[in-house]
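For reference, the chains in residue letters:
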Amino acid sequence: MIVIAFDFGIKRIGVAVGENITKKGRPLNVLNAQNGHPNWSIVKKLIQFWQPNFIIVGLPLNINGTKQNITRKSEKFANLLQYKFKIIVKMHDERLTTVEAKSIMFKKNGFKALKKEKIHSCAATIILESWLNQYFVTL
């Protein structure tokens, strides 16, 4: 089963793809966005190419679990994905994924790796793998 994950942002939306057998994801190119709106034709091409069974969108929450302004925008993005592409979209807690993504990238390549374009797709990969590990049991 193929799954695409999005790390929603106002200016950039990270994207990752993975599958449930290995529970691994890999980052794809980041999508540029204007006030949280991506180029929907690029999103359509991604969905047509990968043909995912699910889409996961990161749910940005405060550390204490409460919603913030970006939470509502992320939920709206998820609803639009479901409406436009008639696919199951699930939200998944993304607390501290950007911090984890920066840590992973720094460990691999130092400060040179900390580019915003790559951080968002690395965060999308973390969201995706977290969701896969939570909902799919290894046999």
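Heads up: the structure comes first, above all this text.
What comes next concerns the included structure. Please read all numbers here as calculations on a predicted model, not as lab measurements.

**Regarding the packing of aromatic side chains**
Under the criterion given, the structure shown has 6 aromatic pairs. The interplanar angle of 80° and the centroid separation of 5.5 Å between the aromatic rings of Phe6 and Phe77 together place this pair among those described as edge-to-face. Of this pair, Phe6 sits in strand 1 (residues 2–7) while Phe77 is found in helix 2 (residues 69–85), placing the two residues 71 residues apart along the sequence. Each member of the pair, Phe6 together with Phe77, is buried. Each ring, one from Phe8 and one from Phe77, has its centre 5.3 Å from the other, and the planes form 35°; the classification is tilted.

**Considerations on the packing of helix 1 (residues 40–50) against helix 2**
Remark: helix 1 packs on helix 2, axes separated minimally by 12 Å, with the N-to-C direction vectors making an angle of 65°. Helix-helix and strand crossings are classified by hand; for helix 1 and helix 2 the assignment is right-handed. Residue-level contacts link Trp40, Val43, Lys44 and Ile47 of helix 1 to Phe77, Leu80, Leu81, Lys84 and Phe85 of helix 2.

**With respect to the nonpolar core**
The biggest cluster of nonpolar side chains holds 21 residues, and the ones touching the most others in it are Phe6, Val43, Ile55, Val57, Phe77 and Leu81. Setting aside its immediate chain neighbours within four residues, Val57 contacts Phe6, Ser74, Phe77, Ala78, Leu81, Val89, Lys90, Met91 and His92.

**Re the pattern of salt bridges**
Pairing between side chains of opposite charge can happen when the charged atoms of each approach one another. A complete count under the given rule lists 1 salt bridge for this structure. Note that Lys67 and Glu75 form a salt bridge whose closest N and O atoms lie 2.9 Å from each other.

So, how was this worked out
- In this numbering scheme, every chain counts its residues from 1 along its sequence in written order.
- Where totals are concerned, whole chains, interfaces and linings use all residues; where local detail is concerned, this predicted model gives features only for residues with pLDDT of at least 70, and gives and counts side-chain atom pairs only at 80 or more.
- The basis for the side-chain values is all heavy atoms of the structure; hydrogens and waters are excluded.
- Only the six-membered ring of Trp is used, alongside the rings of Phe and Tyr, when aromatic pairs are assigned; centres must lie within 6.5 Å, and planes under 30 degrees apart are stacked while those over 60 apart are edge-to-face, with the rest tilted.
- A helix here means a DSSP run of H or I that spans at least four residues, while a strand means a run of E at least two residues long, and both kinds are numbered starting from the N terminus.
- Buried residues are those whose accessible area, probed at 1.4 Å on protein chains only, stays under 20% of the maximum for their type, while exposed residues exceed 50% and partly exposed ones sit between those limits.
- Axis definition: a line fit to C-alpha positions, over the contact stretch in the case of helices; interaxial angles, taken between N-to-C directions, run 0 to 180 degrees.
- Left-handed describes a crossing in which the near helix is turned anticlockwise from the far one by less than a right angle; the clockwise case is right-handed.
- Should any heavy atoms of two residues lie within 4.5 Å, those residues are considered in contact.
- Residue types Ala, Val, Leu, Ile, Met, Phe, Trp, Tyr and Cys, when buried and joined through side-chain atoms within 4.5 Å, form a set referred to as a nonpolar core.
- In the sections that follow, a salt bridge refers to a side-chain nitrogen of Lys or Arg positioned within 4 Å of a carboxyl oxygen of Asp or Glu.

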